[in-house]
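Each chain, written out:
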Amino acid sequence: MSYIILWKLINFEYKLIDLMKRNNTLYTALFVITLGVISLFTLLLLSPSGFTDEERAIINAPSPQVRANEYDGKLMRVWKIDNLADSLLLRKTAEPLTEEMLDTEEFQKLVERMLITVNDSLDQGVGIAAPQVGISRQMLMVQRFDKPGEPFETYINPEILSRSDSMVTGMEGCLSVPDIYGAVERSSSIEIRYRTPEFKDTTEIVNGFTAVIFQHEVDHLNGILFIDRMRKEE
């Protein structure tokens, strides 16, 4: 649609050029204004608003692991803190996703591959954030134990608005932190705001274990790992 509008503006510009041959001041002014609009519109079209080339390469990269099932070739490499380059990315604050990015083939493929990765039978999790697969974007998946069927759902640009004073302590681990487990204290209830994969603005209250998963995954988007919150042994 954007390119169609640009094409029509350029055609209108050509018509103005013909009219300017009559030395009409009004047509000259319209020509200058339209030229400015075309320049601005072109700049907006060419501005990077989607995934970067590096992100596309990661999303489309071959699977590092072989599985003799329907998921073969779709697993993504999980980035881990015992690798320096991985650790630097995991400690970054992730960038938000735009509405335009959700309407791309890359986004759909990322959703599919992240879901397969978090459900890998050899290293299964209950949640995963995009930075854990090398994509530093504000996107995560959480298994909704508070819903029928306990489905995994995708959340875009999530933000925890409030946390309950009531706390719970539980053992946590992480796909990105191999072989380490520890007790972490978190709020038992949260109010969270996010965009759905259709970019619908949504706010809800989440309780119990699912609230804990959300807090763990949102931490990933802010460069925080569960080991930063582990209770120190007395």
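Residues numbered from 1 in each chain as written. Predicted model: local features only at pLDDT ≥ 70, side-chain atom pairs only at ≥ 80, totals over all residues. Heavy atoms only, no water.

Chemist: Please give an account of the pattern of salt bridges that cites residues and values.
Modeler: Per the counting criterion, the structure on display carries 14 salt bridges. Between K74 and E112 there is a salt bridge, with its nearest N and O atoms 3.0 Å apart. With K74 in the loop between α3 (53-59) and α4 (84-90) and E112 in helix α5 (residues 105-118), the pair connects residues that are 38 residues apart, well separated along the chain. Note on E112: relative accessible area 36%, which makes it partly exposed. (Salt bridge = Lys/Arg side-chain N within 4 Å of Asp/Glu carboxyl O. Helix = DSSP H or I, 4+ residues; strand = E, 2+ residues; numbered from the N terminus. Buried < 20%, exposed > 50% of the residue type's maximum accessible area, 1.4 Å probe, protein only.)

Chemist: For the side chain of Q132, give the residues involved together with the corresponding values.
Modeler: Its place among the elements puts Q132 in the loop between β1 (127-129) and β2 (139-143). Within the structure, the side chain of Q132 is placed 3.1 Å from the side chain of S176, a separation counted as a polar contact. Setting aside anything within four residues of it in sequence, one finds Q132 in contact with R77, V78, W79, L90, G127, C174, L175, S176, E217 and H220. (Polar contact = N/O pair within 3.5 Å; in protein donor to acceptor, adjacent residues only side chain to side chain. Contact = heavy atoms within 4.5 Å.)

Chemist: Go over the packing of aromatic side chains with me, naming the residues and quoting the values.
Modeler: Per the counting criterion, the structure on display carries 3 aromatic pairs. Between the aromatic rings of F145 and F209, the centroid separation amounts to 5.4 Å while the plane-to-plane angle is 45°, which identifies the pairing as tilted. Of the two residues, F145 is situated in the loop between β2 and β3 (152-163) and F209 in helix α6 (residues 208-221); the sequence distance between them amounts to 64 residues. The partly exposed category is assigned to F145, whose relative accessible area is 30%. In this structure F209 comes out as partly exposed when scored by relative accessible area, which is 48%. For the ring pair Y155 and F214, a centre distance of 4.9 Å and an interplane angle of 70° mean the geometry is edge-to-face. Here Y155 is found in strand β3, whereas its partner F214 is found in helix α6, with 59 residues between them in sequence. Each member of the pair Y155 and F214 is classed as buried. Grouping aromatic residues by their ring pairs yields a cluster made of Y155, Y194 and F214. (Phe/Tyr/Trp six-rings, centres within 6.5 Å; stacked < 30°, edge-to-face > 60°.)

Chemist: Outline α6, supporting the account with residue identities and numerical values.
Modeler: If you check α6, its first and last C-alpha atoms are 21 Å apart, about what 14 residues at 1.5 Å a residue would give, namely 20 Å. Considered for burial, the residues of α6 that qualify are T210, A211, V212, I213, F214, Q215, H216, E217, V218, D219, H220 and L221. Trailing α6 by a residue or two, G223 shows a phi angle of about 75°, which is positive. (Expected span 1.5 Å × (residues − 1).)

Chemist: Outline the sheet that holds strand β6 (residues 189-195), listing residues and values.
Modeler: Pairing in this open sheet of 5 strands is antiparallel, and the strands run β1-β2-β3-β6-β7 from one edge to the other. Only two strands of the sheet have a single partner each, and these edge strands are β1 and β7 (201-207). On average, each strand axis in the sheet is inclined to that of its neighbour by 40°, with strand direction left out of account. In this structure, β3 lies alongside β6, joined through 5 bridges in antiparallel fashion. Bridged to E159 within β6 is R193. (Pairing = 2+ DSSP bridges. Axes fitted to C-alpha atoms, helices over the stretch in contact; angles between N-to-C directions.)

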